[in-house]
Amino acid sequence: MLKFPVYLDYNSTTPVDPLVLEKMLPYFNDKFGNAASKTHSFGWIAEEAVDQAREKVAALINSEKEEIVFTSGSTEAINFALKGVFENYISKGNHIVTVKTEHKAVLDTCSYLETKGAAITYLAVDREGMIDLNRLSDAITEKTILVSVMFANNETGVMQHIEEIGSICKEKKVLFFCDATQAAGKTRVDVNEHQVDLMCISAHKLYGPKGTGALYIRRKNPRAKPAPLIHGGGHEREFRSGTLNVPGIVGFGEACALAQKKMWEDGERISKLRTLLEQSLAETGNNFINGSIRNRLHNTTNISFNGINSGIFIKELPDIAVATGSACTSAVAEPSHVLKAMGLSDEEANSSIRFSLGRFTTEEEIKFAIEQIKKISR
Ligand SMILES: *Cc1c(COP(=O)(O)O)cnc(C)c1O
């Protein structure tokens, strides 16, 4: 049986997997201890649970568990990485290189740092959403302390050549921060193979709870040392103070372990459903897909419908939950900065819809969505 509305917005958040929820529940009451309490078993039990979760999070990205710092999510981890590196490396330089299509958490933090004396280079992307690696290489100067490039874009699913970016940064001896919030759990993310020094991930994008995430901080070759964002008590090896969100962290760990186990099986199934969606919609001949077809997450498709404003689309299709190419953060809908950077006109960007599929998406749901969309896009 179909449940309405059909959820096709997994890139904005995912439901907590029932297996994850089950593991979390005892840590709200029975095992409620503070992981920082060293004097009794309540604390030890919580600490042990956090330790196991840390191992599972680390395993998903092939890091050491000591390199994981728990945060409230990716937005905090991004603020921590960018502000923290800027503060601690200012004697080396004030220059940061990033990309126009990054998440607002990166772009807004960069604008903030500009008010504090940072010089930021915003790299352009081509029509497919890809950066030019030669331009990246040329943008790095002696003053550059950090390169920040996301693994996979949340709006289009486009994946950059992270391994090549990592080796450019290594060669030029600048730190590389990668926002892997969308990639982790959907494709292989490996901090060593991809040569990343700092990386953020977030539990609620991979079937864990909201309000929990992590910053990976490389300990060796090179040792990255961002200044802490939050002070008070010295938790997380002085990197991030505050009582740990034990149930959230337990859920995050479980979600990572589950993602690692199910990544390929989920990916194969989901990509077939996406193909079904894209091919069926292509039959109407009035739309086009945004972003590189080759370098793309398996679950995301961003489609512009010629001459149809996505706002109307959303209004007329209350039974499917999707996102549009315009951010409704202000009173007036602004066309997506990602699609604009890729060279779309305002009109094209404002006619785009992001479909993001996930672990619980069924063929029946996709067929229903296709039928609904065909009705209004003829
Ligand atoms: C969701 C998202 C974020 C923000 O993560 P939160 O954990 O919700 O703060 C950052 N970057 C990308 C690419 C995202 O998709």
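Before any of the text, the structure's been laid out above.
Residues numbered from 1 in each chain as written. Predicted model: local features only at pLDDT ≥ 70, side-chain atom pairs only at ≥ 80, totals over all residues. Heavy atoms only, no water.

A grouping of Arg219, Lys220, Arg223, Lys225 and Arg237 is seen on the molecular surface, where their side chains present a positively charged patch. Within the element layout of this structure, Arg223 appears in the loop between strand 8 (213–217) and helix 7 (246–282). What makes Arg223 exposed here is its relative accessible area of 57%. (Patch = residues over 30% accessible without salt bridge, like charges linked within 9 Å, V, L, I, M, F, W, Y side chains within 5 Å. Areas by Shrake-Rupley, 256 points an atom, 1.4 Å probe, with all protein chains shown as cover. Salt bridge = Lys/Arg side-chain N within 4 Å of Asp/Glu carboxyl O. Lys, Arg positive; Asp, Glu negative; His and termini not counted. Charge placed at Lys NZ, Arg CZ, Asp CG, Glu CD. Helix = DSSP H or I, 4+ residues; strand = E, 2+ residues; numbered from the N terminus. Buried < 20%, exposed > 50% of the residue type's maximum accessible area, 1.4 Å probe, protein only.)

In this structure, the second largest pocket spans a volume of roughly 290 Å³. What lines the second largest pocket is a set of 13 residues, among which Glu47, Val50, Arg54, Glu236 and Leu244 lie closest to the centre. Partitioned by chemical class, the residues of the lining of the second largest pocket number four nonpolar, one polar and eight charged. (1 Å grid on protein atoms, 1.4 Å probe; cavity = no way out; pocket = protein on both sides within 12 Å on 5 of 7 lines; lining within 4 Å. Points joined across faces, edges and corners; volume = space filled by probe spheres on them. Nonpolar A, V, L, I, M, F, W, Y, C, P; charged D, E, K, R; others polar.)

Moving on: helix 4 (residues 104–115). Over its twelve residues, helix 4 extends 17 Å from the first C-alpha to the last, a length consistent with the 16 Å expected when each residue adds 1.5 Å. Positive backbone phi, at 100°, marks Gly117, one or two positions downstream of helix 4. (Expected span 1.5 Å × (residues − 1).)

Next up on the list: the sheet that holds strand 5 (residues 144–148). In spatial order, the strands read 2-8-7-6-5-3-4; together these seven strands make up an open sheet with mixed pairing. The two strands at the open ends of the sheet, each matched to only one other strand, are strand 2 (68–71) and strand 4 (119–123). Strand-to-strand twist of the sheet, defined as the mean angle between neighbouring strand axes without regard to direction, takes the value 20°. Taken strand by strand, helix 6 (residues 162–172) contacts strand 5 and strand 6 (175–179), and its axis lies near 155° from that of strand 6. (Pairing = 2+ DSSP bridges. Axes fitted to C-alpha atoms, helices over the stretch in contact; angles between N-to-C directions. Contact = heavy atoms within 4.5 Å.)

Below, the discussion takes up the site of the ligand. Every one of the 13 residues lining the ligand counts as a neighbour, but Thr75, Asp179, Gln182, Ser202 and Lys205 are closest to it. Between the ligand and Ser74 there is a distance of 2.8 Å, counted from an oxygen atom to a backbone nitrogen or oxygen. Separating an oxygen atom of the ligand from a side-chain N or O atom of Lys205 is a distance of 2.7 Å. Here the ligand, which alone exposes 380 Å², has 88% of that area covered by the protein. Residues belonging to the shell around the ligand are distributed by class as follows: two nonpolar, nine polar and two charged. (Near = heavy atom within 4 Å. Polar contact = N/O pair within 3.5 Å; in protein donor to acceptor, adjacent residues only side chain to side chain.)

Right, let's get into the packing of aromatic side chains. By the definition in use, this model includes eight aromatic pairs. Ring pairs connect the aromatic residues Tyr7, Tyr10, Tyr207 and Phe360, which therefore count as one cluster. Sitting over the face of the ring of Tyr112, Lys83 holds its NZ or CZ atom 4.9 Å from the ring centroid. In this arrangement the basic side chain of Arg359 is found over the ring face of Tyr207, its NZ or CZ atom lying 4.1 Å from the centre. (Phe/Tyr/Trp six-rings, centres within 6.5 Å; stacked < 30°, edge-to-face > 60°. Lys NZ or Arg CZ within 6 Å of the ring centre and 35° of its normal.)

Take helix 7 next. Taking 1.5 Å per residue as the helical rise, helix 7 with its 37 residues ought to reach 54 Å, whereas the 46 Å between its terminal C-alpha atoms falls clearly short. At Lys262, helix 7 is deflected by roughly 60°, the largest bend along its length. At the N-terminal boundary of helix 7, the capping side chain belongs to Asn245, with an oxygen 3.0 Å from the backbone nitrogen of Gly248. (Bend = angle between axes of the 7 residues up to and from the residue.)

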